[in-house]
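Topology and contacts: notes
Each chain, letter by letter, is given below.
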Amino acid sequence: MPKKKKSVLILCAHSDDQTIGVGGTMAKYASEDYDVYTVIFSYGEKGNPHIKEEHLVPTRIKESEDADRIVGGKEVMFLGLKEGRFDKDFDSVKNKLFSFIKKIRPEKIFTHAVDDAHPDHRVVYRKTLEIYDDLKLKSDVYSFEIWNIFNFGKRDHPKFVVDISEFYDKKKKALMAFKSQIDFTKVYGYITMNNWLVLVTYFKDWVNGFKNNCKQAEVFYKVR
Ligand SMILES: [Zn+2]
């Protein structure tokens, strides 16, 4: 029987959080022969007021799957919860999620940070720790930042720095897969992008790289 591969799981709220927060690390683990799985709580259907929800959902799914293919991920699962209702509606997806996690038995789990500015992100963090306790998991659990450029108040948690320099092209390409989130404008003949979150991500990865003697890094905090 072939040996079961080790796996990594990312639990996040919206369809692009995994790429922004963990994209380079996902590519690194995939290159090291891990199966990399992503579970996304919502479709992020509130994200774009210009596109009707029925068009947006298939777009979000396709973009996440494209981004996942670029970083070498194994599978993306959408729980389909409504934004702002993760807590209230969690029981409707609990069994599905629990059996998925029991099947893949992740060695490492990456999720949002306890103090993230977005309330949906904080619910995913809390749910992750609940799942960890309920299933008595032995996985290492790490948190990642989406909006916070600097990490304050987490000095009591061990830091986990992943040098992603080698995989940065993949992360950039994966970020560009979220076409519906990014506006491209032509300025003086150059195509420029005006997605603030993507620019913040570049800046943050570069600052983290600079602080850790490499080109780009993703920094996590070990919470379990
Ligand atoms: Zn998000």
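I will try to describe carefully the structure that is included in this document.

About the cut-offs
- Residues numbered from 1 in each chain as written.
- Predicted model: local features only at pLDDT ≥ 70, side-chain atom pairs only at ≥ 80, totals over all residues.
- Heavy atoms only, no water.
- 1 Å grid on protein atoms, 1.4 Å probe; cavity = no way out; pocket = protein on both sides within 12 Å on 5 of 7 lines; lining within 4 Å.
- Points joined across faces, edges and corners; volume = space filled by probe spheres on them.
- Nonpolar A, V, L, I, M, F, W, Y, C, P; charged D, E, K, R; others polar.
- Donors = N, O, S within 2.8 Å, 3.2 Å for Na, K, Ca; no water.
- Tetrahedral: all angles 85-135°; square planar, octahedral: opposite > 155°, others 65-115°.
- Helix = DSSP H or I, 4+ residues; strand = E, 2+ residues; numbered from the N terminus.
- Buried < 20%, exposed > 50% of the residue type's maximum accessible area, 1.4 Å probe, protein only.
- Pairing = 2+ DSSP bridges.
- Axes fitted to C-alpha atoms, helices over the stretch in contact; angles between N-to-C directions.
- Contact = heavy atoms within 4.5 Å.

1. What to know about the layout of surface pockets
Counted as a void, the second largest pocket has a volume near 190 Å³. Lining the second largest pocket we find K4, K5, K6, S7, I104, R105, P106, E107, K138 and S139. In the lining of the second largest pocket, the residues fall into two nonpolar, two polar and six charged.

2. Some remarks on the coordination of the zinc ion
Taken together, H14 (ND1), D17 (OD), D17 (OD) and H121 (NE2) make up the full set of protein donors to the zinc ion, lying 2.0 to 2.4 Å away. Around the zinc ion sit four donor atoms, and with donor-metal-donor angles ranging over 57 to 134 degrees the site reads as irregular. Between consecutive donors of the zinc ion, the numbers of intervening residues give the motif H-x2-D-x103-H. Linking H14 in the loop between β1 (7-12) and α1 (17-31) with H121 in helix α5 (residues 119-134), this pair joins segments that are 107 residues apart in sequence. Each member of the pair, H14 together with H121, is buried.

3. Things to note about the sheet that holds strand β9 (residues 217-222)
Taking strand neighbours across the sheet as the criterion, the seven strands line up as β3-β2-β1-β4-β5-β9-β6 in an open arrangement whose pairing is mixed. Unpaired on one side and paired on the other, β3 (75-81) and β6 (159-163) mark the two borders of the sheet. Taken pair by pair, the neighbouring strands of this sheet meet at an average axis angle of 25 degrees, ignoring direction. Both β1 and strand β4 (residues 108-112) contribute to a ladder of four bridges, which runs parallel. Among the inter-strand pairings, L11 is bridged to a residue of β4, identified as T111. Where α5 meets the sheet, its contacts fall on β1, β2 (35-42), β4 and β5 (140-144), and the angle it forms with β4 comes to roughly 150 degrees.

Everything listed here is a matter of geometry and, on its own, says nothing about what the molecule does.
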